Amino acid sequence: MTRQLLWLVLAIGLALQWILLRVSGAHPGPYLEALASGVGIFGAAFLLSWAAELAQIDVPRSLALAALALIAVMPEYAVDLYLAWMAAKDPAYISYAAANMTGANRLLIGVGWATVVFTVWLKFRQREVRLEASHSVELFYLTLATGYSFLIPLKGTLSVIDSIILLTIFVFYIRAVIRQPVHEPELHGPAEMIARLSPLPRRVVTVSMFLYAALTIFLAAEPFAESLIATGKDLGIEEFLLIQWLAPLASESPEFIVAIIFALRGHPTAAIGTLLSSKVNQWTLLVGALPIAYSASLGQVGSMGLDARQVQEIFLTAAQSLFAAALLMNFSLSLRGAALLAGLFVTQLFFVSPAVRIGYALAYVLLTALLFLASRETRVGFGRMFRPFAPATLGRAEEAVDNTGKRSTT
């Protein structure tokens, strides 16, 4: 309990230092402001994740799933929606919004998914993480959203039409998830400690955590984005790259840490499942929300015009998502697959040449095609995704593997 309390106090403190700095009106310069606001978002993200777990105890399942899908990604969305809002006033911010969105999506797969598999291998010497049959829902909607996302670079714009289609996919995804069997939430860390309270104090603490984290994120989104841009200009580092990688790291690190903790505790299926759900949310809700924020700021319906670099980044992100979805078609992610995801992600960071970036995107597409040609399980898994979800799994996917390597029927 002492450790759980320490984590809670630490997260509150990380958020509090930014609230106090912001309220004081002090402006410590872009470097320190980027650090302080980023750390504040980091602490708020942890508080949101614990509050989201606790909410499942008291809120009806259907409402909880719909609401928590929005809440869990609030830190990432706050920054990107601010950038999209500003893009209506300064077209340069379109590049920043695209950078943040593509960086967040690629980090989730290249770092998040891969790290879970590496953690399981190092801890338990298990060479693959298997998914439960119920995750066919996430996989189906990820594949659907990924397929549509290839149209965005072809059009060269991100428009309200894209918003309607992607948000519709998101609504159908939430509707499908709500119909899944109900499971009691498995709580860890501070959430487990707070859950021991009687109902009224627990609910007060949960709501307070939501409000406190939301306030922190609201106060931090604009300064964090602007200070990153100013830092890039001062240091001669391209602002696009800082927005693409540092901003998502601050908002998504807690989610990665929680997934790793799941893996270390012998629940790798839950870890990958959580990150898979986050990927669906980002590829539908996050991308779909950007043109809406842009149009709201513009005062009329408008489209975000994408330049050549932004088109390349979205194409590369879509291609990575396609390959990642294909790897999961047999309802498992192997150590070799994770190494491929991580290796392709890390090496592409060293190249900014448009030709090389397109090359990586085509490599993802080629690897996807080769995987379909070489693996019958992948082809069968793809076909069965389009059947009713309840029985729509491979025979091999009807079992989940826990950390001991034993199979349990799902």
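Up top is the structure.
Parameters and conventions
Residues numbered from 1 in each chain as written. Predicted model: local features only at pLDDT ≥ 70, side-chain atom pairs only at ≥ 80, totals over all residues. Heavy atoms only, no water. Helix = DSSP H or I, 4+ residues; strand = E, 2+ residues; numbered from the N terminus. Contact = heavy atoms within 4.5 Å. Areas by Shrake-Rupley, 256 points an atom, 1.4 Å probe, with all protein chains shown as cover. Axes fitted to C-alpha atoms, helices over the stretch in contact; angles between N-to-C directions. Parallel < 35°, antiparallel > 145°, perpendicular 65-115°, else oblique. Left-handed = near helix turned anticlockwise from the far one by under 90°. Nonpolar A, V, L, I, M, F, W, Y, C, P; charged D, E, K, R; others polar. Patch = residues over 30% accessible without salt bridge, like charges linked within 9 Å, V, L, I, M, F, W, Y side chains within 5 Å. Salt bridge = Lys/Arg side-chain N within 4 Å of Asp/Glu carboxyl O. Buried < 20%, exposed > 50% of the residue type's maximum accessible area, 1.4 Å probe, protein only. Polar contact = N/O pair within 3.5 Å; in protein donor to acceptor, adjacent residues only side chain to side chain. Core = buried A, V, L, I, M, F, W, Y, C linked by side-chain atoms within 4.5 Å. Phe/Tyr/Trp six-rings, centres within 6.5 Å; stacked < 30°, edge-to-face > 60°. Lys NZ or Arg CZ within 6 Å of the ring centre and 35° of its normal.

J.: I'd like a rundown of the overall build of the protein chain, residues and numbers included.
T.: When you go through the protein chain residue by residue, the secondary structure sums to 16 helices and 6 strands. When contacts within the protein chain are restricted to residue pairs at least 6 apart in sequence, long-range pairs at least 24 apart make up 81% of them. With the model as given, the accessible surface of the protein chain reaches about 17,300 Å², and the carbon-plus-sulfur share is 69%.

J.: Give me the packing of helix α5 (residues 92-124) against helix α14 (residues 335-348): which residues, what numbers.
T.: With their axes 8 Å apart at the nearest point, α5 and α14 run at an angle of 140 degrees to one another. As summarised for this structure, α5 and α14 are arranged oblique, according to the angle between their axes. Classified by chirality, the crossing of α14 by α5 is left-handed. When α5 is examined against α14, the residues Arg106, Leu107, Ile109, Gly110, Val111, Trp113, Ala114, Val117, Phe118 and Trp121 are found in contact with a partner set consisting of Leu335, Ala338, Ala339, Leu341, Ala342, Phe345 and Gln348. Classifying every residue of the contact of α5 with α14 gives 14 nonpolar, 2 polar and 1 charged.

J.: Provide a residue-level description of a nonpolar patch on the surface, including the pertinent values.
T.: Together, Val346, Leu349, Phe350 and Phe351 line one region of the surface with nonpolar side chains, adding up to about 400 Å² of accessible area. As for its position among the elements, Phe350 is in the loop between α14 and α15 (354-374). The exposed category is assigned to Phe350, whose relative accessible area is 66%.

J.: An account of the pattern of salt bridges is requested, with residue identities and associated values reported.
T.: This model, assessed by the stated rule, comprises 6 salt bridges. Where Glu192 meets Arg196, a salt bridge forms, and the shortest distance between an N and an O atom there is 3.9 Å. The partly exposed category is assigned to Glu192, whose relative accessible area is 31%. Where salt bridges share partners, they join Arg106, Glu313 and Arg357 into one cluster.

J.: An account of the side chain of Ser227 is requested, with residue identities and associated values reported.
T.: Position of Ser227 among the secondary structure elements: in helix α10 (residues 199-235). Here the side chain of Ser227 touches Phe224 through a polar contact of 3.0 Å, landing on its backbone oxygen. What Ser227 contacts, discounting residues up to four positions off in sequence, is Pro30, Glu33, Ala34 and Ser37.

J.: Tell me about the nonpolar core, and please be specific about residues and values.
T.: One finds Leu83, Trp113, Tyr141, Tyr173, Met304, Leu333 and Leu341 to be the most contacted residues of the largest nonpolar core, which totals 97 residues. The element that contributes the greatest number of residues to this core is α5, accounting for 14 residues. Apart from residues no more than four positions distant in its own chain, Trp113 is found in contact with Leu108, Leu142, Ile272, Leu275, Leu276, Lys279, Ala324, Leu328, Leu333 and Leu341. Counting residues in hydrophobic clusters, the runner-up holds 18 residues, among them Ala11, Leu54, Ala55 and Met193.

J.: So what about the packing of aromatic side chains? Which residues, and what values?
T.: The description of an aromatic ring pair rests on the distance of the ring centres and on the angle between the ring planes. Under the criterion given, the structure shown has 11 aromatic pairs. For the pair Phe42 and Phe46, a centre-to-centre distance of 5.2 Å together with 85 degrees between the ring planes defines the contact as edge-to-face. Taken together, the residues Phe42 and Phe46, both in helix α2 (residues 30-58) and 4 residues apart, mark about one turn of the helix. By relative accessible area, Phe42 is classed as partly exposed at 24%. With a relative accessible area of 6%, Phe46 lands in the buried category. An aromatic cluster of three or more residues is present, and its members are Trp7, Phe42, Phe46 and Trp50. A cation sits over an aromatic face here: Arg309 above Phe240, 4.0 Å from the ring centre.

Honestly, it's all geometry; don't read function into it.
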